[in-house]
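# Structural overview for review
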Amino acid sequence: MIYRLKELRGDTIPVPQLIFSKLGIAEEYNVRVALYVLATGVTDPEKICADLKLRSRISAESALSFWAGAGLLERYDENAAPGAEPSSPAPMTWAEIAAASRTDPMISSLIDCAQTGFARPLTHSEMEKLVNLYVQEGFAPETVMLCVAYVASRGKRTMAAVLHELKVWRAEGVETGEQADAHLKLLALRQTREQYAASLLGIPDSELTLGGRKAIARWYEVYGYDDAMVQEAAVQAGPKRDLWYWNSILKTWNAKGLRNIHDVRTPVAAAGASRNIRVDRETPSGNDFLKNAARRRTLKKKSE
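Residues numbered from 1 in each chain as written. Predicted model: local features only at pLDDT ≥ 70, side-chain atom pairs only at ≥ 80, totals over all residues. Heavy atoms only, no water.

The protein chain carries the name Replication initiation and membrane attachment in an unreviewed UniProt entry, which gives Faecalibacterium prausnitzii as its organism. If you open the UniProt record of the protein chain and go to Sequence similarities (unreviewed entry), you find "Belongs to the DnaB/DnaD family." (UniProt positions renumbered as here; feature names shortened; annotations may be inferred.)

## Topic: the environment of Ile 261
Here Ile 261 is to be found in helix H14 (residues 261–265). The partly exposed category is assigned to Ile 261, whose relative accessible area is 24%. Counting along the chain gives 31 residues from Ile 261 to Val 230, while the straight-line C-alpha distance between them is 9.8 Å. Aside from chain neighbours lying at most four places away, what touches Ile 261 is Ala 228, Met 229 and Glu 232. (Helix = DSSP H or I, 4+ residues; strand = E, 2+ residues; numbered from the N terminus. Buried < 20%, exposed > 50% of the residue type's maximum accessible area, 1.4 Å probe, protein only. Contact = heavy atoms within 4.5 Å.)

## Here's the deal with the environment of Ala 161
Turning to its location among the elements, Ala 161 is positioned in helix H9 (residues 159–171). In this structure, Ala 161 is in contact with Val 151 and Lys 156, ignoring residues within four places of it in sequence.

## Focus on the nonpolar core
Formed by 43 residues in total, the largest nonpolar core has its most connected members in Ile 48, Leu 130, Val 162 and Trp 169. In terms of residues, this core owes the most to one element, helix H7 (residues 124–135), which gives six residues. When residues of this core are sorted by domain, at least three fall in each of domain 1 (17–70) and domain 2 (94–175). Apart from the residues within four sequence positions on either side, Ile 48 is in contact with Val 33, Tyr 36, Val 37, Val 42, Thr 43, Lys 53, Leu 54, Ala 60 and Leu 64. Counting 24 residues, the second-largest nonpolar core is a separate cluster that includes Trp 219, Tyr 220, Tyr 223 and Trp 246. (Core = buried A, V, L, I, M, F, W, Y, C linked by side-chain atoms within 4.5 Å. Domains from an automatic or database assignment.)

Below, the structure is given as structure tokens:
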């Protein structure tokens, strides 16, 4: 059977695009509250709870906080002086969290996930911070859970680490659980690339600085280069094992439109190379360079 939209004859209300952008992460009662507030302008939790027949006032307050965090509503103090900046609501107390968890199963899931990831019970203060990420900051529960698991996997089992990482994710446009999952895959790929670059430098990847990690990400994600091009930059640099020297080489190649090793090794590319790039046609191939490096390490161990 095929359906089509009927002609609307009754009253209509405009629905901001923001609501549609949050449909993938908003709970059912959150959507109901948003539509109710748009239609009536009422934001009193007691009346919302009664009119929508929600389980408790906490559900209405949670929905209002969610949409405030998403940017649909704004918080204000009715007793504040005119023109005063809106104040942030106080974090939920332990008692409020316990009450909310009975009506919103996501709260219990968040706490269970964090306690499993941290391998210890959460303190009341940590629970408050965790739940407020969902209730007041508007983070999707799936995003928070994935972030907790990621942070814990890196040995950082604190809420401070989770809060910091979520801010970084939000700055990079990560909102939904699906986006968080894709972001985690990108982070894993970045780690693999960092390990490869570090191996060429002859250092552990833990010694890479934040600036160095960003440079490596730029080689692959902005310039579109692969491992072979990074290895070629190492070869062209000769004995100079310096990440920023390699960065200047790759940056120059990208500016000149050199996309692969064939482009780099052509006579035209060699003739037009920047002064800060040492192009040596007698330099061994990348594979020979790695073999020689391994041979030198072996000889050094034997001499010791």
